[in-house]
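Observations on the model geometry
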Amino acid sequence: KLKRLIAKLKKDIVEKDEEISMLKEGLVEANIYIDKLMSSVDRLALENERRVQVIQQKNVELQEKEAEIQTGYWVAGSTKDLRGRNIIDKEGAFLGLGGIKVVSTEMNLEDLEQINIQEVTEILLSGKKPELVTSHPKHTYEFVMGEKNKVEKLIIDDPDAFWQNSKVLVIITN
C-alpha cells in the first residue's frame, strides 16, 4: 500500500512539475506580451504628446491670426495735422486747389492707434465737420454731434461691414 502511495505521490509530483513548467512558460510569454504592450503604450504616449504640442502650436498661430484679423487702426485730426504727419495727401489738386484727400502712401501704422475692430464700436472725437478719408460704407456708422455742431463720437453700427474695405480709419475733424 505504501509503495502505491509513494508511486502516486511521485506521479503527482511529476504532473505538478510539468504544470509548474507550463505555468512558467506561460508567465514568460505573458511578460513578453506585457513588455510589448508597455512599449506600445510608451510609443503612443510619446506620439500623443507630440500631437498635443502641434495642437498647442496651431492654437497659438490661430490666436495670432485672429488677433491680426481683428486689428484695426484709426486716427483723427485736422487736415493740417494729418498732412504734417504723412497720414493723408491731396490728389488731383491743381495749383493747390480742388483735389481729394487720400491716405498717404508714406503713412506709418505705428502713428495710428491700434484697436480690436470687433470690440471697439465707439470712437470719441473732437472737432467740426467730420470727414472720413478711408472708405467705409455710410450705412455702417454715424457721427454723434454735440453742442455747437461739434462731433462727439463716431458710432460703428455694423463692425464687420464697416471694416470690410479697410482696416484703417482716418477721420478729418477741422
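Now for a description of the structure that goes with this document. For every chain, the first residue of its written sequence is number 1, and the numbers climb from 1 along that sequence. Where local features are concerned, this predicted model is filtered to residues with pLDDT of at least 70; where side-chain atom pairs are given and counted, the filter is 80 or more; whole-chain, interface and lining totals use all residues. For the side-chain quantities, the full set of heavy atoms in the structure was used; hydrogens and water were omitted.

**A short note on the nonpolar core**
Grouped together as the largest cluster of nonpolar side chains are 14 residues, with contacts concentrated most on Leu 125, Leu 154, Phe 162, Trp 163 and Leu 169. A total of three residues in this core trace back to one element, the largest contributor, which is strand 8 (residues 151-156). Whether two residues touch is decided by their heavy atoms; if any such pair falls within 4.5 Å, the residues are in contact. Leu 154 has contacts with Thr 121, Glu 122, Ile 123, Leu 125, Tyr 141, Glu 142, Phe 143, Phe 162, Leu 169 and Ile 171, leaving out every residue within four places of it along the chain. Val 75, Ile 88, Leu 112 and Val 168 belong to the second-largest nonpolar core, a separate cluster that totals eleven residues. For the purposes of this section, nonpolar cores are sets of buried Ala, Val, Leu, Ile, Met, Phe, Trp, Tyr and Cys residues that join through side-chain atoms within 4.5 Å. Note on exposure labels: buried denotes an accessible area under 20% of the residue type's maximum, exposed denotes more than 50%, and partly exposed covers the range between, all computed with a 1.4 Å probe on protein chains only. In this text, helices come from DSSP runs of H or I with a minimum length of four residues, and strands from runs of E with a minimum of two, each type numbered from the N-terminal end.

**Considering the sheet that holds strand 8**
For two strands to be treated as a pair, DSSP must find at least two bridges joining them. An order of 5-8-7 is seen for the three strands of this open sheet, with the pairing classed as antiparallel. Each edge of the open sheet carries a strand with a single partner, namely strand 5 (122-127) and strand 7 (141-145). The average angle at which neighbouring strand axes cross in this sheet is 25°, direction not considered. Strand direction decides the pairing type here: strand 7 and strand 8, joined by five bridges, are antiparallel. Bridge assignment links Tyr 141 to a residue of strand 8, and that residue is Ile 156. To define axes, lines are fitted to C-alpha atoms, for helices over the stretch in contact only, and angles between the resulting N-to-C directions are given on a 0 to 180 degree scale.

**Quick word on the packing of aromatic side chains**
For any pair of aromatic rings, the description rests on two quantities: the centre-to-centre distance and the angle between the ring planes. Whether two aromatic rings pair depends on their centres lying within 6.5 Å, for rings of Phe, Tyr and Trp, where Trp uses its six-membered ring; planes under 30 degrees apart make the pair stacked, over 60 edge-to-face, and the rest tilted. Scanning the model with the defined rule gives three aromatic pairs in all. Seen from their ring centres, Tyr 141 and Phe 162 are 5.7 Å apart, and the 80° between their planes marks the pair as edge-to-face. One end of the pair, Tyr 141, is in strand 7; the other, Phe 162, is in helix 3 (residues 159-162), and 21 residues separate them in sequence. In this pair, the class of Tyr 141 matches that of Phe 162, namely buried. Between Phe 162 and Trp 163, the ring centres sit 5.0 Å apart and the planes meet at 80°, which makes this aromatic pair edge-to-face. The burial state of Phe 162 is the same as that of Trp 163; both residues are buried. A connected cluster of aromatic rings, assembled from ring pairs, spans Tyr 141, Phe 143, Phe 162 and Trp 163.

**Considerations on the sheet that holds strand 4 (residues 113-116)**
Strands pair in a sheet through their backbones, by hydrogen bonds, and they do so in one of two ways: parallel or antiparallel. Within the open sheet, the four strands sit side by side as 4-1-9-6. Their pairing is mixed. Edge strands, defined here as strands with exactly one partner in the open sheet, are strand 4 and strand 6 (130-132). Taken over all neighbouring pairs, the strand axes of this sheet differ in orientation by 30° on average, direction set aside. Across five bridges, the pairing between strand 1 (residues 71-77) and strand 9 (residues 168-173) is parallel. Across the sheet, residue Trp 74 finds its bridge partner in strand 9, namely Leu 169.

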